Amino acid sequence: TAGVGSLMLRYFPNVYPDELLYSLMARYIRHTASPAVTRANTEVLGKRLVLPSLEFPSGIDHLDSLDVLSSTLSREHILDDMTLFNYMTAYTRPKLVERIRSRVLTGEVRDWYVMLGYAAFKVDRVTMLRFCQHCADEMVIRFGECYWNRLHQLPSVLVCPLHRTSLSHSKV
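Residues numbered from 1 in each chain as written. Predicted model: local features only at pLDDT ≥ 70, side-chain atom pairs only at ≥ 80, totals over all residues. Heavy atoms only, no water.

**Student:** Can you lay out the overall build of the protein for me, pointing to particular residues and giving the numbers?
**Tutor:** Helix and strand counts for the protein stand at 8 helices and 4 strands. Ordered by position in the sequence, the α and β elements of the protein form the string β-β-α-α-α-α-α-α-α-β-α-β. Within the protein, contacts between residues at least 6 apart in sequence are counted, and of these 57% link residues at least 24 apart. Here the protein displays about 9800 Å² of accessible surface, and carbon together with sulfur accounts for 55% of that area. (Helix = DSSP H or I, 4+ residues; strand = E, 2+ residues; numbered from the N terminus. Contact = heavy atoms within 4.5 Å. Areas by Shrake-Rupley, 256 points an atom, 1.4 Å probe, with all protein chains shown as cover.)

Now the structure itself:
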């Protein structure tokens, strides 16, 4: 079991297919009935005050060190497959991508938006999480709960590629 100070992390949910890290954290908080998000942040991300981010979440470096994660869930896997990193850096020079990757993996996530040039352009970022009702129904049948699908949060994806239905906007 891994811990931060006197806090011990004894449980962590399984990662579902194409799940956002943001979603995994939300499920951890719900499953453990954590009384405060700051406590869950400290337990899992190693920092009390972490702003949630769909694109480049902070704390990946600490999450990677926890013994409760499977050996296949490396920090690189978390960044590449559980965040929007690859989408946000798809047309960026490789040297800059590696610089930002290194910073994000070590917990330094400030200014990425400026470094990638998004601040100079009107880029529609997803501000409310989206979902496909058919996917949600299938998740409940398969896993007993819903989670936030990473693909559904990409700014350019408006239709679920699996069910070919419009994505719905949540209140989250």
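**Student:** I'd like to hear about the side chain of serine 170, residue by residue, with values.
**Tutor:** Secondary-structure assignment places serine 170 in the segment after strand S4 (168–169). A polar side-chain atom of serine 170 sits 2.7 Å from the main-chain carbonyl oxygen of leucine 129. Apart from residues lying up to four places away in sequence, serine 170 is in contact with Met128, Leu129, Phe131 and Trp148. (Polar contact = N/O pair within 3.5 Å; in protein donor to acceptor, adjacent residues only side chain to side chain.)

**Student:** Account for helix H8 (residues 133–143), with residues named and values stated.
**Tutor:** All of the buried residues along H8 are Cys135, Ala136 and Met139. Projected down its long axis, H8 shows its buried positions confined to an angular sector of 100 degrees, all on one face. (Buried < 20%, exposed > 50% of the residue type's maximum accessible area, 1.4 Å probe, protein only. Arc of directions from axis to C-beta.)

**Student:** Just give me the short version of the packing of aromatic side chains, but keep the residues and values in it.
**Tutor:** The final tally for this structure, using the stated rule, is 3 aromatic pairs. Pairing phenylalanine 143 with tyrosine 147 gives two aromatic rings, centres 6.0 Å apart and planes at 70 degrees, and the pair type is edge-to-face. What makes phenylalanine 143 partly exposed here is its relative accessible area of 25%. Ring-pair connections join several aromatic residues into one group, and the members of that group are Tyr16, Phe143 and Tyr147. (Phe/Tyr/Trp six-rings, centres within 6.5 Å; stacked < 30°, edge-to-face > 60°.)

**Student:** Tell me about the environment of glutamine 153, and please be specific about residues and values.
**Tutor:** Along the polypeptide, glutamine 153 turns up in the loop between H8 and S4. Along the primary structure glutamine 153 and leucine 84 are separated by 69 residues, whereas in three dimensions their C-alpha atoms are 8.2 Å apart. Residues in contact with glutamine 153, not counting those within four places in the same chain, are Leu20, Leu84, Val126, Leu129, Arg130 and Trp148. Looking at glutamine 153, its side chain comes within polar contact range of the main-chain oxygen of asparagine 149, at 3.1 Å.

**Student:** Report on the pattern of salt bridges, specifying residues and quantitative values.
**Tutor:** Enumeration over the complete set of coordinates arrives at 7 salt bridges. Of the charged contacts, one joins arginine 150 and aspartate 18 as a salt bridge, the two residues approaching to 3.0 Å between their closest N and O atoms. With arginine 150 in the loop between H8 and S4 and aspartate 18 in the loop between strand S2 (7–9) and helix H1 (21–32), this residue pair connects regions lying 132 residues apart in the sequence. For aspartate 18, a relative accessible area of 26% translates into the label partly exposed. For arginine 30, the salt bridge is made with glutamate 145, and the minimal N-O distance between the two is 2.4 Å. A residue pair is termed long-range when its members are at least 10 positions apart, and arginine 30 in helix H1 and glutamate 145 in the loop between H8 and S4 qualify at 115 residues. A cluster of three or more residues bridged by salt bridges with shared partners is formed by Glu19, Arg27, Arg30 and Glu145. (Salt bridge = Lys/Arg side-chain N within 4 Å of Asp/Glu carboxyl O.)

**Student:** Could you give an account of the confidence of the model for the protein, with specific residues and numbers?
**Tutor:** Here the protein averages 79 in pLDDT, while 68% of its residues score no lower than 70. pLDDT under 50 marks residues 1–7. Its contacts with residues more than four places away, or in other chains, come to 18 contacts. (pLDDT = per-residue confidence, 0-100.)

**Student:** An account of the environment of serine 23 is requested, with residue identities and associated values reported.
**Tutor:** Looking at the secondary structure, you find serine 23 in helix H1. When the C-alpha atoms of serine 23 and tryptophan 148 are compared, they prove to be 5.3 Å apart, with 125 residues separating the residues in sequence. There is a polar contact of 2.8 Å between the side chain of serine 23 and the side chain of glutamate 19.

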